[in-house]
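Reading the structure
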Amino acid sequence: MGAAKPSRSVGPRLDSYAQIADGRRPMIAARKHLLLIGGGHAHVAVLADWIKRGLPCPRVTLVTPSQTLRYSGMVPGWIAGQYARDVGVVDVGALAQRAGAALVLDKCAAIEPDPGQIVTEGGETIAFDIASIDTGGIGRASAILGEDNRLIDIRPIDAFVSTLARSPVTGRVAIVGGGAGGTELAFALRNRTRGTERAEVVLVTGSDGLLPKFAPSVRKMVANELNRQEIAVITQDAQFADGQFVVGGASVEPFDLIIAALGSGAPQWPQAGGLACDQDGFIAVDAQQKSISHPNIFAVGDVAARQDRAIPHSGVHAVFAGPVLAANLRAVMAGEEPKRSYRPRWNNLYLMSSGDGSAIASYGPFAARGAWVAKLKHWIDNRWIAKYAALAEGTDQGL
């Protein structure tokens, strides 16, 4: 292992935070330090709340490894040539600066809930009174499939984008994972190049099959579109064995590139630090997103697992949980009990781009396909990005 990289602090010093915007808040909040760990989708909403309503206390820090957050929902559009590479990027650093929070560009490597501190990869120790964790999950391609130099994990998303940008993506390409993410990637890669250079794409779903958590009508529509675009589907489990890509016990070589879209894995540091976690290592939280073992620590998004109800690890849930988390953090910093809970709708609208100017909509048992769905997805995605761009730039009046 190489030497630890130093962390970089941006913005105000930890002892010179912005003043409380609302002078009616109790003085107890002024003595506490609130630490955001990770710059994920939910924490972006928390920063937006602070920009609009003021900090919940004068001592606030955001620790995140990157100045920006890449919105994963627009990555397939970039692959298919519909967007420039950095269109779907939120300037988290600018949001933190405008909110008045200190920014530390580093990654959390360990947490010590008692007495309350983290250690970053750069070796910096940061104490906290209240912490909120939104780091996202980690890739698990190698753990499930094995090692191979052709294998690319979609997590972390920035590394995936950088790697794919350097790859010609021609020849035969396999996508491993039959969820919405893997399906969209298969469509996007099939449409990345045209003519004779167009890649041959194979979608390896695993034994659970194509889109196992979606309605039969949606699965049928997507299967028809995959067939129309000549994307082969293999509904068997895959792994590497003796340098070969093996599916269903038999080699399916040759492949030039293999991309894993296998869902989030849990980082090791929360459980190693003593936070209560579920059987898969995700931080166990209650209905208010509080750790069930340490009520001064909140967690949300792919790194967390609600214990009161099952909520899938999906970006849509992290986005909707963000404002709820913001309200609960504001309450606890005011010395009150957090009461808000994110309750998913009976169903969520999923819009899957088919890479060719069309998209497929899924809402419970309902399915639809067409260019109008793609336009709707484009409008929703760009509206979300534009909202945070305006907040970062200070041009959000009237939003």
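Just above sits the structure.
Residues numbered from 1 in each chain as written. Predicted model: local features only at pLDDT ≥ 70, side-chain atom pairs only at ≥ 80, totals over all residues. Heavy atoms only, no water.

1. Observations regarding unusual backbone geometry
- Of the consecutive residues D114 and P115, the connecting peptide bond is found in the cis state with omega at 20 degrees.
- Mapped onto the elements, P115 comes out in the loop between β7 (108-112) and β8 (117-120).
- Residue P254 follows E253 across a cis peptide bond; omega there is 5 degrees.
- Turning to its location among the elements, P254 is positioned in the loop between β17 (250-251) and β18 (257-260).
- Its identity as a non-glycine residue notwithstanding, E230 has a phi of 60 degrees, on the positive side.
- Turning to its location among the elements, E230 is positioned in the loop between α7 (216-228) and β14 (232-234).
- Judged by relative accessible area, which is 59%, E230 ranks as exposed. (Helix = DSSP H or I, 4+ residues; strand = E, 2+ residues; numbered from the N terminus. Buried < 20%, exposed > 50% of the residue type's maximum accessible area, 1.4 Å probe, protein only.)

2. Comments concerning helix α5 (residues 157-165)
- Buried within α5 are the following residues: F160, V161 and L164. All buried residues of α5 project into a common sector of 95 degrees when viewed along the axis, lining one side. (Arc of directions from axis to C-beta.)

3. Examining helix α1 (residues 41-53)
- In this model α1 runs 19 Å from its N-terminal to its C-terminal C-alpha over 13 residues, within 8% of the 18 Å that 1.5 Å per residue would give.
- Of all 13 residues in α1, 11 are buried; the element is thus mostly enclosed.
- Every buried residue of α1 is listed here: H41, A42, H43, V44, A45, V46, L47, A48, D49, W50 and I51.
- Residue G54 follows α1 closely and has a positive phi angle near 90 degrees. (Expected span 1.5 Å × (residues − 1).)

4. Some words on the state of the cysteines
- Summed over all chains, the structure comprises 0 disulfides.
- Here C57 stays unpaired: no disulfide links it, and the sulfur of C108, its closest cysteine neighbor, is 19 Å away.
- Assessed through its relative accessible area of 0%, C57 is described here as buried.
- Given a relative accessible area of 7%, C108 falls into the buried group. (Disulfide = S-S within 2.5 Å.)

5. What to know about the environment of S264
- Within the secondary structure layout, S264 lies in the loop between β18 and α8 (269-272).
- With 110 residues separating them in the primary sequence, S264 and I154 have C-alpha atoms 9.7 Å apart.
- Residues in contact with S264, not counting those within four places in the same chain, are G137, I138, R140, R155, F282, D302 and H313.
- At 3.0 Å, the side chain of S264 forms a polar contact with the side chain of R155.
- Among the polar contacts made by the side chain of S264, one reaches the side chain of D302 at a distance of 2.7 Å. (Contact = heavy atoms within 4.5 Å. Polar contact = N/O pair within 3.5 Å; in protein donor to acceptor, adjacent residues only side chain to side chain.)

6. Re the packing of aromatic side chains
- Within the structure shown, the criterion is met by 5 aromatic pairs.
- For the pair F214 and Y350, a centre-to-centre distance of 5.4 Å together with 70 degrees between the ring planes defines the contact as edge-to-face. Highlighted residues: F214 in the loop between β13 (200-204) and α7 and Y350 in strand β22 (residues 350-353), separated in sequence by 136 residues.
- Linked through ring pairs, Y71, W384 and Y388 together constitute an aromatic cluster. (Phe/Tyr/Trp six-rings, centres within 6.5 Å; stacked < 30°, edge-to-face > 60°.)

These results come straight from atomic positions and should not be treated as a statement about function.
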